Amino acid sequence: MARPERRDRRTPSVLLAVAAAATALVAVRDPHGGGYGLCPVLALTGWFCPTCGGLRAVHDLTAGDLAGAWAMNPLVTLAVPVAALALVAWTIRAWTGRRARQLPTWLVITAGAVAVLFALLRNLPALAPVLAPHLR
C-alpha cells in the first residue's frame, strides 16, 4: 500500500521564524547607528551592492517610515513585502498539505538581472543621489 506523501513543514516554518526574529532584532536595534558591521562588497570595492542599506530599510519599514526605507534601498523596500507574503504563503501551503509551487525559471533569472542592474545603476554618479543609500 502506498503511503501518502509527507509534506515538509519544517523548512518553511523555520525560515518564517528566523525571518520574524531577524526582523524583530532589526526593528529594536537601529542599524542607522551602526553596530552590524560593514557590507563586505562596499568595504572591498567601494561599490554599493544591491542590498546595501537593506538593514536600515527594513528598520524603517518596521517603524512605518516608507520614505526612509525608500531612501535607504528602493529595491529592498519593494522586495521585502513580496518575499514576506511568499514565505507566509509557502508556510500555509505546507501546513495545509497543498503542494508548494516551483518558481518559474524566468522569474529567478529576471530577479537576478534586476539585482545586477540595480547594483550597477546605484553606483553611477548621476543616479547615486536617487538610488544610493542616504546616510543620516
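Each chain carries its own residue numbering, running from 1 in the written order of its sequence. At least 70 in pLDDT is required for a residue's local features to be given in this predicted model, at least 80 for side-chain atom pairs to be given and counted, and no such filter applies to totals for whole chains, interfaces and linings, which use all residues. Just so you know, side-chain values use all the structure's heavy atoms and leave hydrogens and water out.

**Q** Is there a simple way to explain the packing of helix α1 (residues 10–28) against helix α3 (residues 54–62) in this structure?
**A** The angle between the axes and the distance between the axes are what describe a pair of packed helices. Helix axes are fitted only over the stretch in contact, all axes being lines through C-alpha atoms; the angle between N-to-C directions runs from 0 to 180 degrees. Secondary structure elements follow DSSP: runs of H or I no shorter than four residues count as helices, runs of E no shorter than two count as strands, and numbering proceeds from the N terminus. Remark: α1 packs on α3, axes separated minimally by 8 Å, with the N-to-C direction vectors making an angle of 85 degrees. Judged by the inter-axis angle, α1 sits roughly perpendicular to α3. Residues Thr23, Val26 and Ala27 of α1 touch α3, and the partners they reach there are Leu55, Val58, His59 and Thr62. When the residues that make up the contact of α1 with α3 are grouped by side-chain class, the tally is four nonpolar, three polar and no charged. Orientation labels follow simple angle bins: below 35 degrees gives roughly parallel, above 145 gives roughly antiparallel, 65 to 115 gives roughly perpendicular, and whatever is left gives oblique. Contacts are assigned to residue pairs with any non-hydrogen atoms lying within 4.5 Å of each other. Residues were grouped as follows: Ala, Val, Leu, Ile, Met, Phe, Trp, Tyr, Cys and Pro as nonpolar; Asp, Glu, Lys and Arg as charged; and all remaining residues, including Gly, as polar.

**Q** Honestly, the environment of Ala84 in this entry has me stumped. Any pointers?
**A** Following the sequence through the fold, Ala84 ends up in helix α5 (residues 74–96). The classification of residues rests on relative accessible area computed with a 1.4 Å probe and restricted to protein chains. Under 20% of the type maximum is buried, over 50% is exposed, and intermediate values are partly exposed. Residue classification places Ala84 among the partly exposed positions, given a relative accessible area of 40%. Spatially, the C-alpha atoms of Ala84 and Ala20 are 9.3 Å apart, while their sequence positions differ by 64 residues.

**Q** Got a minute to help me understand the packing of aromatic side chains in this structure?
**A** Aromatic ring pairs are reported here in terms of the distance separating the ring centres and the angle at which the planes meet. Here a Phe, Tyr or Trp ring, Trp counted by its six-membered ring, pairs with any other such ring whose centre lies within 6.5 Å, and the pair is stacked when the planes are under 30 degrees apart, edge-to-face when over 60, and tilted otherwise. Evaluation of the coordinates by the stated rule reveals zero aromatic pairs. The lysine or arginine in question, Arg29, covers the ring of Tyr36, its NZ or CZ lying 4.9 Å from the ring centre. By definition, being over a ring means that NZ of Lys or CZ of Arg is both within 6 Å of the ring centre and within 35 degrees of the ring normal.

**Q** How should the environment of Ala21 be read in this particular structure?
**A** Along the chain, Ala21 turns up in helix α1. Among the residues examined, Ala21 registers a relative accessible area of 48% and is labelled partly exposed.

**Q** Could you clarify how one ought to interpret α3 in this entry?
**A** Because each turn of an α-helix spans 3.6 residues, side chains separated by three or four positions end up pointing in the same direction. Within α3 the residues assigned to the buried category are Gly54, Arg56, Ala57, Val58, His59 and Asp60. Packing partners of the buried residues in α3 comprise α1, α4 (66–72) and α5. Phi turns positive, to about 80 degrees, at Gly64, one or two residues after α3.

**Q** Whenever I open this one, the packing of α3 against α5 confuses me. Can you help?
**A** Where α3 contacts α5, the axes come no closer than 9 Å and their chain directions differ by 55 degrees. In this view, α3 runs oblique relative to α5, as classed from their interaxial angle. In terms of crossing hand, the pair formed by α3 and α5 is right-handed. Each of Gly54, Ala57, Val58 and Leu61 in α3 lies in contact with α5, whose residues at this interface are Val76, Thr77 and Val80. For the contact of α3 with α5, the class distribution of residues is five nonpolar, two polar and no charged. Handedness of a helix crossing follows the sense of rotation of the near helix relative to the far helix, less than a right angle counterclockwise being left-handed and clockwise being right-handed.

**Q** Explain the confidence of the model for the chain to me, please; I cannot follow it from the model alone.
**A** Interpretation of this model should avoid reading the predicted coordinates in detail wherever pLDDT is low. On a range of 0 to 100, pLDDT expresses the predictor's confidence in each residue. Here the chain averages 91 in pLDDT, while 94% of its residues score no lower than 70. Per-element confidence in the chain ranges from a low mean pLDDT of 91 for helix α2 (residues 40–45) to a high of 96 for helix α6 (residues 105–122).

**Q** Explain the nonpolar core here, please?
**A** Side chains of a nonpolar character, in soluble globular proteins, are inclined to be buried together. The criterion is simple. A nonpolar core is a set of buried Ala, Val, Leu, Ile, Met, Phe, Trp, Tyr and Cys residues joined through side-chain atoms within 4.5 Å. Core analysis: the largest hydrophobic core is formed by six residues, namely Val26, Ala57, Val58, Ala69, Met72 and Val76. Those elements that place two or more of their residues in this core are α3 and α4. Dropping the residues within four chain positions of it, Met72 is found in contact with His32, Cys52, Gly53, Arg56, Ala57, Asp60, Arg122, Pro133, His134 and Leu135.

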